[in-house]
Amino acid sequence: MDTNHSRRQLAAMKQSLFDQGLLDEQFIQLEELQDDANPNFVEEIVTLHYRDSSRLISSIEQALKERNLDFNKLDTLMHQFKGSSSSIGAKKVKAECNLFREYCRAGNAEGCMRSFQQLKKEHAALRKKLEAYFQVSRV
Amino acid sequence: MAAPSSSSSTWVMETSDVPHVLAVDDNLIDRKLVEKLLRNSSCKENGPRALELLGLTSGGQNTMNGRSKVNLVITDYCMPGMTGYELLKKIKESSVMKEVPVVIMSSENIPTRINKCLEEGAQMFILKPLKQSDVKKLTCQLMNCEV
C-alpha cells in the first residue's frame with residue numbers, strides 16, 4: 001500500500017504551491033469543507049472554476065481584439081474572473097487580475113494586453129499543478 | 001436552536017428548524033461555496049429570480065410562501081442588472097419580508113459601500129470569499145449569542 005507515500009507526496013506538493021505563492025488560505029478553507037458526504041469537493045470546485053474561467057478568458061480575449069477597448073466591459077469581466085480565482089485560493093492569479101484592473105482603470109491598453117498574457121500563463125500553470133495534485137490525491 | 005430573545009426582532013425560528021437561506025450570486029463558484037457552507041439553502045443567480053422566490057414580484061402572488069420558506073438572505077453586492085443593495089432595499093420595503101435578515105457579501109472592501117448597506121438595514125457585510133468563520137459569526141449574531 002502506497003497511501004503513506006502518496007499522502008506525504010501530496011502534502012509536499014501542497015506546501016510547494018503555498019511556498020511559491022500560488023495558493024492562499026482560501027484553498028485550506030475549501031479543504032476543510034471536504035467531508036465524507038463530499039469527498040471530492042475541492043476537486044469539483046476547482047474543475048468548475050476552470051470551466052467557468054475558460055469562458056471568461058475567451059470573452060476577455062475577444063474584448064481585447066476590439067479596435068477601441070471597452071475598459072468598463074474588460075473591468076467587469078475581470079472582476080468576475082478575479083472573484084472566481086479568489087474563491088479557490090489562486091493567489092498569484094488574483095494578483096494578476098488586480099494588475100489588469102488597474103490598467104483598465106488607467107485606460108492603458110498596452111498594460112492590459114501585457115498583464116493579460118501574464119495572467120493566462122499563471123492561470124495555465126496553476127491549472128497544471130492542481131491537476132497533478134488531484135491525480136496524486138486520488139491514488 | 002432557540003428563538004432569539006431580542007424583543008426588537010419579530011423574526012423567530014422554530015426550535016427544530018435549520019434556517020433556510022436564500023443565496024444570491026451571479027458567480028457559479030461562489031454559489032457552490034455558499035451552498036456548501038449553508039446546508040439548507042436555495043441559490044439564485046440574480047436579484048429578480050430571488051425576488052420571485054420570495055414572492056415579491058409585481059404579480060404579488062404567494063407572499064406567504066416566501067415568508068415561511070426563507071429565514072435569511074445572503075447576497076453578493078456586485079451583480080449585473082440588480083445589485084445586492086437594490087435587492088436589500090426591495091426586501092426591506094416589503095411588508096412581508098422586511099424582518100428577514102439580509103447579509104451582503106462583496107469582494108471589495110469599500111467603507112462607503114459597507115455603510116450604505118448597513119444603513120439600509122443589512123444584518124451584516126461580509127468580505128468574500130465566504131469562510132466558515134463568517135458563517136459562525138453570522139449564526140451567532142442571528143441567535144444573539146455571546147461570543
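Conventions used here
Residues numbered from 1 in each chain as written. Chains lettered and ligands numbered in written order. Predicted model: local features only at pLDDT ≥ 70, side-chain atom pairs only at ≥ 80, totals over all residues. Heavy atoms only, no water. UniProt positions renumbered as here; feature names shortened; annotations may be inferred. Helix = DSSP H or I, 4+ residues; strand = E, 2+ residues; numbered from the N terminus. Buried < 20%, exposed > 50% of the residue type's maximum accessible area, 1.4 Å probe, protein only. Pairing = 2+ DSSP bridges. Right-handed = clockwise from strand over helix to strand, strands pointing away. Salt bridge = Lys/Arg side-chain N within 4 Å of Asp/Glu carboxyl O.

Visitor: Explain the UniProt feature "domain: HPt" (unreviewed entry) in chain A to me, please; I cannot follow it from the model alone.
Guide: Under the UniProt annotation, "domain: HPt" (unreviewed entry) lies at residues 38-133 of chain A. Strand forms 0% of residues 38-133 of chain A and helix 85%; the C-alpha atoms that close the span are 18 Å apart.

Visitor: Quick question: what am I supposed to make of the pairing of strand β4 (residues 102-106) of chain B here?
Guide: Walk down a regular strand and you will see the side chains alternate between the two sheet faces. All names here are of chain B. Most of β4 is tucked away, with five of its five residues classed as buried. Every second residue of β4 is oriented toward a common face, with V102, I104 and S106 on one face and V103 and M105 on the other, all of them buried. In this sheet, β4 lies alongside strand β3 (residues 72-76) in parallel orientation, the contact comprising four bridges. Paired with I74 across the strands is V103, a residue of β4. Crossover connection from β3 via helix α4 (residues 84-93) to parallel β4: handedness right-handed. The pairing of β4 with strand β5 (residues 124-127) spans four bridges and is parallel. Residue pairing in the sheet places V103 in a bridge with M124 of β5. Note on the crossover from β4 through helix α5 (residues 111-119) to β5: the handedness is right-handed.

Visitor: Mind showing me how you'd approach the pattern of salt bridges here?
Guide: When the charged atoms of two side chains lie near each other, side chains of opposite charge can form a pair. Applying the stated rule across the entire model yields 19 salt bridges over all chains. A salt bridge links D75 of chain A to R105 of chain A; the nearest nitrogen and oxygen atoms lie 3.9 Å apart. Taken together, the residues span a long stretch of sequence, with D75 of chain A in helix α4 (residues 71-87) and R105 of chain A in helix α5 (residues 91-105) at a distance of 30 residues. Overall, D75 of chain A belongs to the buried group, its relative accessible area being 15%. Salt bridges linked by common partners bring D75, R101 and R105 of chain A together with E108 and R113 of chain B together as one network.

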